[in-house]
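So the chains spell out like this:
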Amino acid sequence: MKGTFFHNQRFLCFSIVFMWIKTYAIYKLGFDLQIDSLLEELMLLINPFSFILPLFGIGLLLKENKQRAFLLIANLVLTVILISNTIFYGFYIDFITIPVLFQASNMSDMGSSVKELFNPLFIALFADLVFLLLLARKEKHPQTKAAPRTIKRYYAASCGMILCTLALAEVQQPKLLAHSFDREMLVKSIGLFQFHIYDTISQTVNISAKAFADEDSMTAVKNYAEADYSKPDQSKFGLAKGRNVIFVTLESTQSFVLNEKVNGKEITPFMNDFIKKSYYFDHFYQQTEQGKTSDSEFIVANSLYPSLSGAVFFTKSDHQFHTMYKSLKQHDYYSAVFHANHKTFWNRDVMYDSFGIDRFFDVDDFHVTPGTSTSWGLKDKEFLEQSAGKLKSLPQPFYSSFITLTNHFPFEIDEKDQLIDEFDSSSSLLNRYVTTVRYEDEALKHFIKKLKDEGLYENSMIVFMGDHYGISEAHNEAMAEFLGKNEITPYDNVQLQRVPFIIHIPGITDQKPEIISDAGGQVDVKPTLMHLLGVDTKGDIQFGNDLLSGGRTPFAVLRNGSFITNDFVYTKNTCYSQKTGKVLEDQDACLPYKEKANEELSLSDKVLNGDLLRFSE
Ligand code: GP9
Ligand code: MN
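The rules behind each value
- Residues numbered from 1 in each chain as written.
- Chains lettered and ligands numbered in written order.
- Predicted model: local features only at pLDDT ≥ 70, side-chain atom pairs only at ≥ 80, totals over all residues.
- Heavy atoms only, no water.
- UniProt positions renumbered as here; feature names shortened; annotations may be inferred.
- Pairing = 2+ DSSP bridges.
- Helix = DSSP H or I, 4+ residues; strand = E, 2+ residues; numbered from the N terminus.
- Axes fitted to C-alpha atoms, helices over the stretch in contact; angles between N-to-C directions.
- 1 Å grid on protein atoms, 1.4 Å probe; cavity = no way out; pocket = protein on both sides within 12 Å on 5 of 7 lines; lining within 4 Å.
- Points joined across faces, edges and corners; volume = space filled by probe spheres on them.
- Parallel < 35°, antiparallel > 145°, perpendicular 65-115°, else oblique.
- Contact = heavy atoms within 4.5 Å.
- Nonpolar A, V, L, I, M, F, W, Y, C, P; charged D, E, K, R; others polar.

- With an unreviewed UniProt entry as reference, the protein is termed LTA synthase family protein, source organism Bacillus cabrialesii subsp. tritici.
- Comment text from UniProt for the protein, heading Sequence similarities (unreviewed entry), reads "Belongs to the LTA synthase family."

Structural data, given as C-alpha cells:
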C-alpha cells in the first residue's frame, strides 16, 4: 500500500522529504541551538513533519493540476521563511515574531550587515525547487487523485506526528506552551514553523486580553506586588530627597568592560574611578527583549517587564501607565528626556506623552554637523555637553534622562576619537566595541565636569545604567578570547547580561561608597531611585524591589525566563551554581525560584496585555 502511495503521489512525497531536509539543515547550520540530549536531537529531527505533513497534505484535496502549483508555492514560501529567520538570527540570535515585522523601520542595524549575514547555504535551499520543476515537466500524466480513504489515512498520520511532537515537548519541559518565555526552547521543541503559528495565536490572545480584562483581573497582581514589596532601609530612604536626577542610559554597555584593559589601557578609566565614589551594583542584569533601548526605558519607568515579542513602545502605546515620572510629578518634579535622534524613533514621542514626560529634547533641539556626528547622529561628547547647557533652563527639581548613542552597533568611531587600541580577536565588532566604550567613558567624564561648571552637580543624584547587550552570542568565540576562557557556556551568556548600574550622590556616596553584589535588574530601578528620593512605593503595581533594602530577596529574571539569585543561575533548562558556574547536581534547587520567575513574568504580562493599570488609581 505504501509503495502505491509513493507511486501515485511522487511529487508530494519528494516535496515533503526535501522540505524536511531543508528545515533540519537550517536548524543545524543556520541557528546555534543548544542540544543537550538525544531526546532534544530527536525532537529537532522529527518536529518539521508535524507542520509539513498537514500543510502539504492540502495538495491531496486539490485537483491534480493544481496540486503541484500549490506544493511549489508552499515550498517557496517556507524556504523564504527559513532564510529570513536565518538572517534575523544571525544578527539578533532570536527568531522573527509578528510584532518585529511591524518594527521594520527600526531594523536599520541589520541592513548594514545583511551582506555579512548572507550564507551560501541559501542558494542550496532552492535546488529542490529546480528538481521539482523538472519533475513536474517530465511527468506527462498528472498523478491520480488520492482516494478519500488515502486522505483519511494521511491525515491520521499527520495528527499522530503532531501529538508525538507535543508529547515529546511536554516530556522535555512541562508546561512549555503555557510558560513559553524562551523562544529557542519553543523552536527546539515544537519546530520553527509551528513556533510562528504559536506566536500568531499568542499575539491574538494578547490583543483580546485587553477586551476581556476587568478590575478583578488586578487582584492577583495587587496581592503579588504587596507581598513582594520590600521596605526601604531607614538609613538610605530619602538620602537624595529633593535633588535633581540625572539618569544616563549607556548605549549597549555591558559590565564586562569595567575594570578591564586593552594593551595596558583601561577601557573605562572614568567609570572605574566613579564607581569608587558611588553605589555600584555589580550583579545588575538587563531585562530587555526585542524593544532594545525602548524596552530599557519602559522597564525603568514602570517597574514592569517588557513584552516577550516586539517593543512595548509600539504595541502598547495606547495603554495607560503609572510611571515614575507621574509619581514624581506629585512631588513637584519636572521631567525631561534628551536624545539626539528623531523623536519618532521607537515611537518615543507618543510613548513619552503617555508616560507623562514634560519635555523631550530630540535631534531637532541639537546642533549637529558632519564633524560632530557618526552614523547614529550626534556624538556623545557633544550630545552631553549641549544637553548640560539646556538642563540649566529646566524647572527644579527635575528628573532628566539622557540616552547616549555613540556606542551603538556597528561601533564605529573617528580616528581622532579613538583613545585606545582595538582589541585583537576574531570579531571585528568586539575589537571596535572597546574603542567606542572608551569614547563613551570619556564623554561621561566631560559631562560630569560640565555639570560641575554649570552648578548642577552638587544638588543632583547621578545615575548610569547600561540598556542592553552590545555584543551578542554570535561573537561568543571572540568573547571567550576577551575573557580568557575556553568557551562561553549558557551560564556565561547569562552573566554577560550584566550591565553597569551606578548611583552617585555627591556628598553622600563619595563619603560612603558601596558595592552591592545582590542580584537585581532594571525592573528594580524605579523603587530604588524613588526610595532614595524619599518617595515610598508601597502600594504601587511594580515587580521590582529597592536594591538597597535589606529585606529584599536577591533575584533577577531575564525576559526569556532565565533567572539569577545569589546562589543560582538558571538558564536553558539547567540550574548552575552562581559562584562557580558549574551545573548543579541537585537540579531541583532552582525549582522554587523558577515558579517565582514564571509567576512574576506572567503577572507582569497580564498587567501589560490587559492594560490593567487603567483600573487602578
Ligand atoms: C535609538 C537608540 C538606539 O534612538 O536609542 O536604539 P537601539 O537600537 O539600541 O534600541
Ligand atoms: Mn540601545
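### A look at the sheet that holds strand β6 (residues 334-339)
Turning to step 1, where the next piece is worked out: Pairing within the open sheet is mixed, and its eight strands lie in the order β7-β6-β10-β1-β11-β12-β4-β13. Only two strands of the sheet have a single partner each, and these edge strands are β7 (359-361) and β13 (514-516). Between one strand axis and the next, the sheet turns by 15 degrees as a mean value, whatever way the strands run.
Turning to step 2, where the next piece is worked out: Across five bridges, strand β1 (residues 244-250) lies against strand β10 (residues 398-403) in parallel orientation. Its bridge partner being in β10, T249 is matched across the sheet by I403.

### Examining empty space enclosed by the protein
Turning to step 1, where the next piece is worked out: A full pass over the atoms with the stated rule returns six cavities of 30 Å³ or more.
Turning to step 2, where the next piece is worked out: Volume-wise, the second largest cavity comes out at about 120 Å³.
Turning to step 3, where the next piece is worked out: Lining the second largest cavity are 15 residues; nearest its centre among them are T249, E297, V300, Y325 and S401.
Turning to step 4, where the next piece is worked out: Looking at the lining of the second largest cavity, the elements with two or more residues in it are β1, α16 (292-302), α19 (348-355) and β10.
Turning to step 5, where the next piece is worked out: By residue number, the principal contributor to the lining of the second largest cavity is α16, which donates four residues.

### Points about the packing of α16 against α19
Turning to step 1, where the next piece is worked out: One way to put it is that α16 packs onto α19 with a least axis distance of 12 Å and a crossing angle of 5 degrees. Between α16 and α19, the angle falls in the class roughly parallel. Counting all contacts with α16, which are made through T293, E297, F298, A301 and N302, the residues of α19 involved are R348, Y352 and F355.
Turning to step 2, where the next piece is worked out: Each residue belonging to the contact of α16 with α19 can be placed in one class, and the counts come to four nonpolar, two polar and two charged.

### Overview of the UniProt feature "transmembrane region" (unreviewed entry) in the protein
Turning to step 1, where the next piece is worked out: The positions UniProt marks with the feature "transmembrane region" (unreviewed entry) are residues 12-30, 42-62, 69-92, 117-134 and 154-171.
Turning to step 2, where the next piece is worked out: Summarising residues 42-62: 86% helix, 0% strand, and an end-to-end C-alpha distance of 32 Å.
Turning to step 3, where the next piece is worked out: Span residues 117-134 is 72% helix and 0% strand, its end C-alpha atoms 31 Å apart.

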